[in-house]
Amino acid sequence: MSEPVVAIVVAAGSGVRLGASVPKAMVPLKGVPLLRRSAEALVAGGVTHLVVVVPDDQRRAFGVALLGCPVPWTMATGGARRQDSVAAGLAVAGEWAPPHRVVLVHDAARPLVPPEAVARVIAAVRGGAPAVVPVVAVADTIRAVDENGSRIVDRSGLRAVQTPQGFDPDVLVTAHRALACAGVVVTDDAAACERLGHPVSLVEGSTDALKITTSIDLVVAGAVLDDRERRATGSPQP
Ligand code: C5P
């Protein structure tokens, strides 16, 4: 049996930008909640235990979405900011999960991450990297804006960062404690580790792992699923 790989799935955000009446992670994509799709993608990529971070008043609904999930899972209560939710998930993982040398942090809002991308992150942490992020090239032309105007940025040197991000659990726990002590806000977990001087390794991400933020993202994600289905059944393009 392979060594445990624990994933913290942060799912405690609201659905405000999506205009949804339920938390974003519970919004259905072709009938299946984003959270459920994220959980299954992680398991297919090698995750063995899940800590799902949820809004405190939504435990029952989230539990229903996870019924029949093929690996052991538990819940943690989310915080005001994403980094608070990750810290809450790490605290629960430390008590609940078996000893593990790899922890992933994944946004429930990235339901279509391919298992291969998850596996690349896990392999890099197993290979000794303390912090690993999946990245993709930036397709748009980018301008940097400041009080003096704007200027073009060479996009060949830019990468967009996705999840799941992978870590040595000791490194990530220490990094989050340091954030809390210093009162610092970061946009992702790799940045928290980088603050303490840990190198961040990059692996290839996937454009399929788009983050669902607004309703157009749900339309695109639905098209990605249709395309996957066509490829799986060998059907021609429409
Ligand atoms: O809001 P955004 O899409 O950037 O959030 C990224 C992920 O973090 C989502 O899966 C969301 O549910 C989660 N989150 C959280 N707790 C918060 C804010 C966001 O678990 N307080």
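Structure first, text after, so check above.
Just so you know, these numbers come straight off a predicted model, no measurement behind them.

*Asks:* Summarise the pairing of strand E7 (residues 131-137); cite the residues concerned and give the values.
*Replies:* Summarising burial for E7: six of the seven residues are buried, a large majority. Where E7 meets strand E11 (residues 165-167), two bridges bridge the pair, whose relative direction is antiparallel. Looking at E11, one finds that Val 132 is bridged to Gly 166. Alignment of E7 against strand E12 (residues 201-204), held across four bridges, turns out to be parallel. Bridging across to E12, Pro 134 finds its partner in Val 203. Sheet topology note: the E7/strand E10 (residues 159-161) ladder contains three bridges and is antiparallel. In the sheet register, Val 136 faces E10, and the bridge partner there is Ala 160.

*Asks:* Requested: an account of the site of the ligand, with residues and values cited.
*Replies:* Close to the ligand lie 15 residues; Val 10, Ala 12, Lys 24, Ser 85 and Lys 211 are nearest. Take Gly 13: an N or O atom from its main chain is 2.9 Å from an oxygen atom of the ligand. Taking Ser 85, its side chain carries an N or O atom lying 2.7 Å from a nitrogen atom of the ligand. Notes on the ligand: free accessible area 460 Å², of which the protein chains cover 86%. Comparing atom positions with the cavity grids shows the ligand to sit within the largest pocket.

*Asks:* Give me the pattern of salt bridges: which residues, what numbers.
*Replies:* On inspection of all chains with the given rule, the structure shows eleven salt bridges. We note a salt bridge from Lys 30 to Asp 226, for which the minimum N-O separation is 2.8 Å. Within this pair, whereas Lys 30 is found in the loop between strand E2 (28-29) and strand E3 (32-33), its partner Asp 226 is found in helix H7 (residues 215-233), the two being separated by 196 residues in sequence. In this structure Asp 226 comes out as partly exposed when scored by relative accessible area, which is 30%. With a closest N to O distance of 3.7 Å, Asp 227 and Arg 230 form a salt bridge. Of this pair, Asp 227 and Arg 230 both sit in helix H7, three residues apart, which is roughly one turn of that helix. Look at the salt bridges and you will find they share partners, linking Arg 82, Asp 107, Arg 110 and Asp 189 into a network.

*Asks:* Go over the side chain of Ser 206 with me, naming the residues and quoting the values.
*Replies:* Turning to its location among the elements, Ser 206 is positioned in the loop between E12 and H7. A residue is classified by how much of its surface remains accessible, and Ser 206, at 12% relative accessible area, is buried. Other than its neighbours up to four places away in sequence, Ser 206 contacts Pro 114, Val 136 and Gln 162.

*Asks:* Lay out the state of the cysteines with the relevant residues and their values.
*Replies:* Following the criterion strictly, the structure yields zero disulfides and no others. A disulfide-free cysteine, Cys 181 has its sulfur positioned 15 Å from the sulfur of Cys 193, the nearest such atom.

*Asks:* I'd love a proper account of the nonpolar core, names of residues and values included.
*Replies:* Ranked by size, the top nonpolar core spans 34 residues in total, and within it Leu 35, Leu 42, Val 47, Leu 50, Phe 62 and Leu 104 carry the most contacts. Counting only elements with at least two residues in this core, the list comes to strand E1 (5-10), helix H1 (34-44), strand E4 (49-54), helix H2 (59-65), strand E6 (102-107) and helix H4 (115-126). Apart from the residues lying within four places of it in its own chain, the contact partners of Leu 42 are Ala 7, Val 9, Val 47, Leu 50, Leu 104, His 106, Val 118 and Pro 164. Counting residues in hydrophobic clusters, the runner-up holds 24 residues, among them Ala 97, Val 105, Ala 131 and Val 171.

Reading the values: rules and limits
- Residues numbered from 1 in each chain as written.
- Predicted model: local features only at pLDDT ≥ 70, side-chain atom pairs only at ≥ 80, totals over all residues.
- Heavy atoms only, no water.
- Buried < 20%, exposed > 50% of the residue type's maximum accessible area, 1.4 Å probe, protein only.
- Helix = DSSP H or I, 4+ residues; strand = E, 2+ residues; numbered from the N terminus.
- Pairing = 2+ DSSP bridges.
- Near = heavy atom within 4 Å.
- Polar contact = N/O pair within 3.5 Å; in protein donor to acceptor, adjacent residues only side chain to side chain.
- Areas by Shrake-Rupley, 256 points an atom, 1.4 Å probe, with all protein chains shown as cover.
- 1 Å grid on protein atoms, 1.4 Å probe; cavity = no way out; pocket = protein on both sides within 12 Å on 5 of 7 lines; lining within 4 Å.
- Sits in = over half its atoms within 2 Å of the grid points.
- Salt bridge = Lys/Arg side-chain N within 4 Å of Asp/Glu carboxyl O.
- Contact = heavy atoms within 4.5 Å.
- Disulfide = S-S within 2.5 Å.
- Core = buried A, V, L, I, M, F, W, Y, C linked by side-chain atoms within 4.5 Å.

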